[in-house]
Amino acid sequence: MPGVILQKKIMQAMEQTMNEVLTTRMGWIAALVAVDYVCVLLAVLADLRSGVLKARRQGVRRTSRGFRRSVEKAGRYYVMLFAMTLIDAMVCGALLFVAAADGPSLPPLPVFSTMGAIGLAMIELKSIYENAQDKSEYDRAIGQLRKLLDDPVIKGRFLEALGLGKPK
């Protein structure tokens, strides 16, 4: 009998831990994924705006065909991002299960969704740059960013924050 009681207590503790993990961590993970989706939408809208401004400057007529291409592009982006989110859901679910059943594990973060969103936003930033009339401001900002990223102290801290460098 004592073995059965102990087994029930262990199962209850696992169930309570799993409930706590699911309600708190899953909410944060969902919030991070939502931020990824919103950022991609904002990047697409910013690119759309820069394209419309460029067309206006050049006297090109804005047609529904051009707007439809933007909507189709956003659709393709979200299909890809959704696929990344499914991968994250599988990985995060497995990590949460391991954490609840076996104790501490890696923190479940939506890495694939975030990396996909960053990649899509970079594509849109390049497009915005290409649509810009005066590229000198962008070139100066890119130059400053390169200087910062080449700084060994900043590079070391960045790598350390990503878990790729050794703390000094």
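Further up the page is the structure itself.
Residues numbered from 1 in each chain as written. Predicted model: local features only at pLDDT ≥ 70, side-chain atom pairs only at ≥ 80, totals over all residues. Heavy atoms only, no water.

**Comments concerning the side chain of Asp36**
Right, on to step 1. Note that Asp36 resides in helix 1 (residues 2–58).
Right, on to step 2. Every residue in contact with Asp36, bar those within four places of it in the chain, is listed here: Leu81, Pro110, Ser113, Thr114 and Ala117. (Helix = DSSP H or I, 4+ residues; strand = E, 2+ residues; numbered from the N terminus. Contact = heavy atoms within 4.5 Å.)

**Quick look at the layout of surface pockets**
Right, on to step 1. Of the pockets and cavities examined, the largest pocket occupies roughly 450 Å³.
Right, on to step 2. Along its surface, the largest pocket is lined by 18 residues, and Gly51, Val52, Gly66, Arg69 and Ser70 are the ones closest to its centre.
Right, on to step 3. Those elements that provide at least two residues to the lining of the largest pocket are helix 1, helix 2 (64–102) and helix 3 (111–131).
Right, on to step 4. When residues in the lining of the largest pocket are grouped by element, the largest group, 7 residues, is from helix 1.
Right, on to step 5. Tallied by class, the residues present in the lining of the largest pocket amount to 5 nonpolar, 7 polar and 6 charged.
Right, on to step 6. By volume, the second largest pocket is sized at about 360 Å³.
Right, on to step 7. Taken together, Met122, Leu125, Ile128, Tyr129, Tyr138, Ala141, Ile142 and Leu145 make up the full set of residues lining the second largest pocket.
Right, on to step 8. Elements with a minimum of two residues in the lining of the second largest pocket: helix 3 and helix 4 (136–150).
Right, on to step 9. A breakdown of the residues in the lining of the second largest pocket according to their chemical character gives 8 nonpolar, no polar and no charged. (1 Å grid on protein atoms, 1.4 Å probe; cavity = no way out; pocket = protein on both sides within 12 Å on 5 of 7 lines; lining within 4 Å. Points joined across faces, edges and corners; volume = space filled by probe spheres on them. Nonpolar A, V, L, I, M, F, W, Y, C, P; charged D, E, K, R; others polar.)

**Details of a nonpolar patch on the surface**
Right, on to step 1. On the surface, a nonpolar cluster with roughly 1,000 Å² of combined accessible area is contributed by Leu32, Ile87, Met90, Val91, Leu109, Val111, Phe112, Met115, Ile118, Met122 and Leu125.
Right, on to step 2. Secondary-structure elements contributing two or more residues to the nonpolar patch are helix 2 and helix 3.
Right, on to step 3. Looking at the nonpolar patch element by element, the count peaks at 6 residues for helix 3.
Right, on to step 4. If you trace the backbone, Val111 turns up in helix 3. (Patch = residues over 30% accessible without salt bridge, like charges linked within 9 Å, V, L, I, M, F, W, Y side chains within 5 Å. Areas by Shrake-Rupley, 256 points an atom, 1.4 Å probe, with all protein chains shown as cover. Salt bridge = Lys/Arg side-chain N within 4 Å of Asp/Glu carboxyl O.)

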